[in-house]
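Each chain, written out:
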Amino acid sequence: MLNPHFAKALFLSVEHLRGEYISERLAELEKSQWYSPADLRELQWQKFKDLLVHAYKNVPWYSEIFKKRKLAPDDISKPEDLYLLPILTKADLRGDTSRFLAQDYRSKSSLAKSSGSTGVSVKIYKDRKSSGYGRAAMYRGHRWHDVDIGDKEAKLWGVPIRFKERLIHKVGDYFLNRF
């Protein structure tokens, strides 16, 4: 096992180089977890509105939906207005994935997929910012139980089937003191 402080420093350095900026995202999440319910709702709504405007302007699937329904982002002014938008389904996502990619996006992304437990897996693209927030949220949850990045821990989730992916996970597990 590696020294936990070394493991944490190494992990955060690599993640920073990858553009995930986990330590910054973790600090943001640890601060926002103490917001009042009203402040959290306001933050969530503002982030949603920003995302909605972005999708309207840059994501073909959403641009088409807004045009078909003769909507603009300002028509969604409160959570109760969400019924104006269709529910995005797995079938939608399994179609032409390029229709879900933002046309103005230039950062690195990676393909993620569901396990396929309901039949056929769904593939989506995740950018480094999204990946960073996901990992930061996971580590915030670990910290609620006094387990920090690099601390010795047991990993109880799936192991990839393919050799190369399994090897990558084993190396990552080693450097994060996971077994």
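One can find the structure itself at the top, above this paragraph.
Residues numbered from 1 in each chain as written. Predicted model: local features only at pLDDT ≥ 70, side-chain atom pairs only at ≥ 80, totals over all residues. Heavy atoms only, no water.

Asker: Explanation requested: the packing of aromatic side chains in the structure shown.
Answerer: Working definition: an aromatic ring pair is given by the centre-to-centre distance plus the angle between the planes. Taken as a whole and assessed by the stated rule, the structure comprises six aromatic pairs. Relative to phenylalanine 48, the ring of tryptophan 45 has its centre 5.3 Å away and its plane inclined at 35°; by these criteria the two rings are tilted. On the criterion of helical spacing, the pair formed by tryptophan 45 and phenylalanine 48 is a turn pair, its members being three residues apart in helix 3 (residues 37-58). For tryptophan 45, a relative accessible area of 18% translates into the label buried. (Phe/Tyr/Trp six-rings, centres within 6.5 Å; stacked < 30°, edge-to-face > 60°. Helix = DSSP H or I, 4+ residues; strand = E, 2+ residues; numbered from the N terminus. Buried < 20%, exposed > 50% of the residue type's maximum accessible area, 1.4 Å probe, protein only.)

Asker: Teacher, can you tell me more about the packing of helix 3 against helix 4 (residues 60-68) here?
Answerer: The packing of two helices is summarised by the inter-axis angle and the distance between the axes. Relative orientation of the contacting elements helix 3 and helix 4 amounts to 90°, with a least axis distance of 6 Å. It follows that helix 3 is roughly perpendicular to helix 4 by the angle criterion. The segment helix 3 lies against helix 4, with Leu52, Ala55, Tyr56, Lys57 and Asn58 engaging Pro60, Tyr62, Ser63 and Phe66. When the residues that make up the contact of helix 3 with helix 4 are grouped by side-chain class, the tally is six nonpolar, two polar and one charged. (Axes fitted to C-alpha atoms, helices over the stretch in contact; angles between N-to-C directions. Parallel < 35°, antiparallel > 145°, perpendicular 65-115°, else oblique. Contact = heavy atoms within 4.5 Å. Nonpolar A, V, L, I, M, F, W, Y, C, P; charged D, E, K, R; others polar.)

Asker: Please explain a nonpolar patch on the surface as it appears in this structure.
Answerer: A cluster of nonpolar side chains, namely Phe163, Leu167, Val171, Tyr174 and Phe175, defines an oily patch on the protein surface of about 510 Å² accessible area. Note that phenylalanine 175 resides in helix 7 (residues 163-175). (Patch = residues over 30% accessible without salt bridge, like charges linked within 9 Å, V, L, I, M, F, W, Y side chains within 5 Å. Areas by Shrake-Rupley, 256 points an atom, 1.4 Å probe, with all protein chains shown as cover. Salt bridge = Lys/Arg side-chain N within 4 Å of Asp/Glu carboxyl O.)

Asker: What should I look at first to understand the pattern of salt bridges in this one?
Answerer: Oppositely charged side chains can form a pair if their charged atoms are brought close together. Per the stated rule, a full pass over the model turns up 12 salt bridges. The shortest N-O distance in the salt bridge between lysine 8 and aspartate 148 comes to 2.8 Å. Of the two residues, lysine 8 is situated in helix 1 (residues 4-18) and aspartate 148 in the loop between helix 6 (128-143) and helix 7; the sequence distance between them amounts to 140 residues. Glutamate 20 is the salt-bridge partner of arginine 18, the closest N and O atoms lying 3.0 Å from each other. For glutamate 20, a relative accessible area of 1% translates into the label buried.

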